[in-house]
Amino acid sequence: VLISRRNDVIPYVEEVVKSAGKKAKPPTSCNICKAKLERVGEYISCRNYTACQALIEGRIENWIAALGVLEWGDKLINQLVEADLVAEPADLYKLKPAQIAGLERRGMTIATKVLDNLKALLPLSLPKFLAALGIENLGLQTAKAIAGTFDTLEKIQAAKEAELAAIPGVGPSKGKAAFEGLASRKAEIKRLLAVGVVPVAKAAGGKLAGKTFCFTGALSRPRKELEQLVEKSGGTLLSGVTKDLNYLVMSDPNSGSSKAEKAKKYGTECLDEAQFMALVG
């Protein structure tokens, strides 16, 4: 049978094949940098992190996406990498407006805007900094769990693999990935610190300290922008409605949606965008 992956996940039988022809062979070299491919679990992967343009662009894209920087697209990142202006996240913070303005279809207005958007997110919270590094199996939730036990970057880097693995919500495989990933990125982290990207602990005394928030539905401002306000004010973001949620922010607090009904059941306060902004002050 001929099987495809629908939505890049679900196996789907396309047709019954009676005559298969030549047997397909997996590739052995990267079609971008020609480096030898490695088998990693169920994937065949290029590991040429320092020279493969696709991997370099992917690392930068991951950093931008993890931070939620607005106005940055894959095309701009591709242009910066091809122009040898950027090779790792630290290089983003060395860029000058004129360098971006000199790229095709850019200009000083766009250049100034994208750099302002990037730097406006500093300082980064410790979990966001860790997740943005792009270490395999070290996502935001795992980073939050680690930062909840070790509250500074220095303590995390000094932690043993067994200590990371013992953290609830981390476990042996993620603890190993975090330990080895942080060790391999030691020099890169040092370069990030040198350009002013210094992670900080959550604002314990912020206006929203101790409060949890979840955003749902269409809002007038980008959701990432509102989530950044929560984090900068010391609040915590949740991905869904649970008993631990204090505020559910939505366009209509009187909505009969499933999330709103669940929130009411738990006693969670539902706010519209204006009420949320008033709460942030």
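Reference entry: report on the structure contained in this document. For clarity, every value in this text was computed on a predicted model and none was experimentally measured. (Residues numbered from 1 in each chain as written. Predicted model: local features only at pLDDT ≥ 70, side-chain atom pairs only at ≥ 80, totals over all residues. Heavy atoms only, no water.)

## Let's talk about the overall build of the protein
- Within the protein one finds 14 helices and eight strands.
- If one aligns the C-alpha atoms of the protein with their principal axes, the spans along those axes are about 65 × 55 × 45 Å.
- Going through the 281 residues of the protein one by one, you find that 37% of them count as buried.
- Put simply, of all contacts in the protein between residues at least 6 apart along the chain, 53% involve residues at least 24 apart.
- Of the accessible surface of the protein, which amounts to about 16400 Å², a share of 53% is contributed by carbon and sulfur atoms.
- Here the protein contributes 40 positively and 31 negatively charged side chains, and the mean placements of these two sets differ by 3 Å. (Helix = DSSP H or I, 4+ residues; strand = E, 2+ residues; numbered from the N terminus. Buried < 20%, exposed > 50% of the residue type's maximum accessible area, 1.4 Å probe, protein only. Contact = heavy atoms within 4.5 Å. Areas by Shrake-Rupley, 256 points an atom, 1.4 Å probe, with all protein chains shown as cover. Lys, Arg positive; Asp, Glu negative; His and termini not counted. Charge placed at Lys NZ, Arg CZ, Asp CG, Glu CD.)

## Notes on the layout of surface pockets
- Its volume calculated, the largest pocket comes out at about 1100 Å³.
- Around the largest pocket, the lining is made up of 44 residues, and of these S125, K128, L140, K144 and E231 lie nearest the centre.
- Where the lining of the largest pocket is concerned, the elements lending two or more residues are α1 (53-67), α6 (126-132), α7 (140-149), β5 (212-215), α12 (223-232) and β6 (236-237).
- A per-element tally of the lining of the largest pocket places α12 first, with six residues.
- Its boundaries defined by the atoms lining it, the second largest pocket holds a volume of some 650 Å³.
- If you trace the second largest pocket, you find 26 residues lining it, with Y49, R59, G134, E136 and R185 closest to the centre.
- Secondary-structure elements contributing two or more residues to the lining of the second largest pocket are β4 (43-46), α1, α10 (171-184) and α11 (186-194). (1 Å grid on protein atoms, 1.4 Å probe; cavity = no way out; pocket = protein on both sides within 12 Å on 5 of 7 lines; lining within 4 Å. Points joined across faces, edges and corners; volume = space filled by probe spheres on them.)

## Quick notes on the sheet that holds strand β8 (residues 269-271)
- One open sheet holds the four strands; their spatial order is β6-β5-β7-β8, and the pairing between them is parallel. For this open sheet the edge positions go to β6 and β8, each flanked by a neighbour on one side alone.
- Across the sheet, helix α14 (residues 273-280) lies against β5, β7 (247-249) and β8, angled at about 105° from β8, the strand it touches most. (Pairing = 2+ DSSP bridges. Axes fitted to C-alpha atoms, helices over the stretch in contact; angles between N-to-C directions.)

## Quick notes on unusual backbone geometry
- Of note, the amide linkage connecting L122 to P123 takes the cis form, showing an omega dihedral of 0°.
- The residue P123 is located in the loop between α5 (108-119) and α6 in this model.
- The phi dihedral of D84 falls on the positive side, at around 60°, and the residue is not glycine.
- With respect to the helices and strands, the residue D84 is situated in the loop between α2 (74-82) and α3 (89-92).
- Of note in the backbone geometry, R105 takes a positive phi value of approximately 65° without being a glycine.
- Among the secondary structure elements, R105 is positioned in the loop between α4 (97-101) and α5.
- Residue classification places R105 among the exposed positions, given a relative accessible area of 75%.

## Details of the nonpolar core
- Residues W63, I64, W72, L92, F129 and L130 are the most contacted members of the largest nonpolar core, which totals 48 residues.
- Ignoring sequence-local partners within four residues, the contact set of I64 consists of V69, W72, I77, L92 and L118.
- The next biggest cluster of nonpolar side chains, apart from the first, holds twelve residues, and it includes F215, L226, L237 and Y247. (Core = buried A, V, L, I, M, F, W, Y, C linked by side-chain atoms within 4.5 Å.)

## Structural notes on the state of the cysteines
- Taken as a whole and judged by the stated rule, the model has zero disulfides.
- Not engaged in a disulfide, the cysteine C52 finds its nearest cysteine sulfur in C33; these two sulfurs lie 3.8 Å apart.
- No disulfide involves C214; its sulfur sits 10 Å from the nearest other cysteine sulfur, which is in C270. (Disulfide = S-S within 2.5 Å.)

By themselves, these figures tell us nothing about what the structure is for.
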